[in-house]
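Residue-level structural notes
Now for the letters of each chain:
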Amino acid sequence: MTGTADRYLYLARHAEASSDESALTESGRRQAVLLGERLRDSPVSVIHHGPLRRAEETAELVHGRLDGVDLRMSKAAGDYIPYLPEPGEITAESGDATLARLAQFPAEERELGPALAQEALRRFTGPVEGSESRHELVVTHNFLIGWIVRAALDAPKWRWIALNHANAALTVIRYAPGRPASVLLYNDTGHLPAPLRWTGFPPELQV
């Protein structure tokens, strides 16, 4: 009978991108290399990344610092709205403004996002089959990291909103058989020097 083992899911937002998001900036490339150095001695065995160039380039630079690690593209690791709340679902004063802001995103991101978000939970979360623990890195985007973290905490579906992640910051979640998910790290930028921290993060939330 096949048992299950721990999964350690490493989540990283792509590094800083150019204004047109077609490539990483010089600072972004440095962020990605430093993230790779941070993970050099980790047991990560596979890197998943979204299809957009800023995520792909980040993953390639991280991959270049690691040995014997698979690199895989996944649409489920892409940039999309994972869940669009219904009117009145967000009771805070900012609810209407938040819904109006989300409505401005491209229709494809709003309409295809929920199915991709469920696929991401199926592919990247929960214990793994077998007797050996698995360590996986997903290089993705801010919204998906918020979605996966809120799922790990059993928070309401809309609560992915306002969970922000800096460029090349690291979040780690442990999924152990028979136990609740544990968020071990969140938005950790300890591998980045001060000038490279907080990019991609709202200025008013930088502390």
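This report concerns the structure included in the present document. (Residues numbered from 1 in each chain as written. Predicted model: local features only at pLDDT ≥ 70, side-chain atom pairs only at ≥ 80, totals over all residues. Heavy atoms only, no water.)

**Details of the sheet that holds strand β2 (residues 7–13)**
Ordered in space as β4-β3-β6-β2-β7-β8, the 6 strands form an open sheet in which the pairing is mixed. Every other strand in the sheet has two partners, leaving β4 (70–73) and β8 (182–188) as the edge strands with one partner each. Ignoring strand direction, the axes of neighbouring strands in this sheet form an average angle of 20°. Sheet analysis places strand β3 (residues 46–49) next to β4, joined by 4 bridges and oriented parallel. Paired with I47 across the bridge in β4 is L71. (Pairing = 2+ DSSP bridges. Helix = DSSP H or I, 4+ residues; strand = E, 2+ residues; numbered from the N terminus. Axes fitted to C-alpha atoms, helices over the stretch in contact; angles between N-to-C directions.)

**Remarks on the environment of I145**
Tracing the backbone through its elements, the reader meets I145 in helix α5 (residues 142–152). I145 sits 18 residues away from L163 along the chain, and the two C-alpha atoms are 8.0 Å apart. The contact partners of I145, leaving out residues within four places of it in the chain, are L11, A12, R13, T140 and H165. (Contact = heavy atoms within 4.5 Å.)

**A short note on the pairing of strand β6 (residues 134–140)**
Counting buried residues in β6 gives 6 out of 7 residues, a clear majority hidden from the surface. The pairing of β2 with β6 spans 7 bridges and is classified as parallel. Following the sheet pairing, Y10 is matched in β6 by L137. Where β3 lies against β6, 4 bridges are found, and the strand directions are parallel. For H49, the partnering residue across the bridge sits in β6 and is V139. (Buried < 20%, exposed > 50% of the residue type's maximum accessible area, 1.4 Å probe, protein only.)

**Quick word on the nonpolar core**
L9, L11, F124, W147, I148, W160 and I173 are the most contacted members of the largest nonpolar core, which totals 25 residues. Only β2, α4 (107–124), α5 and β7 (170–175) provide two or more residues apiece to this core. With 7 residues, the top contributor of residues to this core is α5. Those residues within four positions of I173 in sequence are excluded, and the remaining contacts are R7, Y8, L9, L11, I148, V149, A152, A181, S182, V183 and L184. Among the nonpolar cores identified, the runner-up in size contains 16 residues, and L35, A55, V62 and V139 belong to it. (Core = buried A, V, L, I, M, F, W, Y, C linked by side-chain atoms within 4.5 Å.)

**What to know about the pattern of salt bridges**
Throughout the structure, instances matching the rule amount to 12 salt bridges. Of the charged contacts, one joins R40 and E37 as a salt bridge, the two residues approaching to 3.3 Å between their closest N and O atoms. For R40, a relative accessible area of 38% corresponds to the partly exposed category. Taking the shortest distance from any N to any O, the salt bridge between E60 and R53 comes out at 3.3 Å. On the basis of relative accessibility, which here comes to 34%, the residue E60 falls in the partly exposed class. For R53, a relative accessible area of 35% puts it in the partly exposed group. Look at the salt bridges and you will find they share partners, linking R7, R134 and E136 into a network. (Salt bridge = Lys/Arg side-chain N within 4 Å of Asp/Glu carboxyl O.)

**With respect to unusual backbone geometry**
Its identity as a non-glycine residue notwithstanding, D154 has a phi of 55°, on the positive side. Looking at where D154 falls in the secondary structure, it is placed in the loop between α5 and β7. The phi dihedral of N187 is positive, around 55°, even though this residue is not glycine. Along the polypeptide, N187 turns up in strand β8.

**Let's talk about helix α1 (residues 26–39)**
Helix length check: α1 (14 residues) gives 20 Å between terminal C-alpha atoms against 20 Å at 1.5 Å per residue, within 8%. Looking only at α1, the buried set comprises G28, Q31, A32, V33, L34, L35, G36 and L39. Tucked inside the fold, the buried residues of α1 contact β2, α2 (53–63), β6 and β7. (Expected span 1.5 Å × (residues − 1).)

**Concerning the side chain of H49**
Take H49: it is sitting in strand β3. If we ignore the near neighbours within four places in the chain, the residues touching H49 are A55, E56, A59, L71, R72, M73, S74, A77 and V139.

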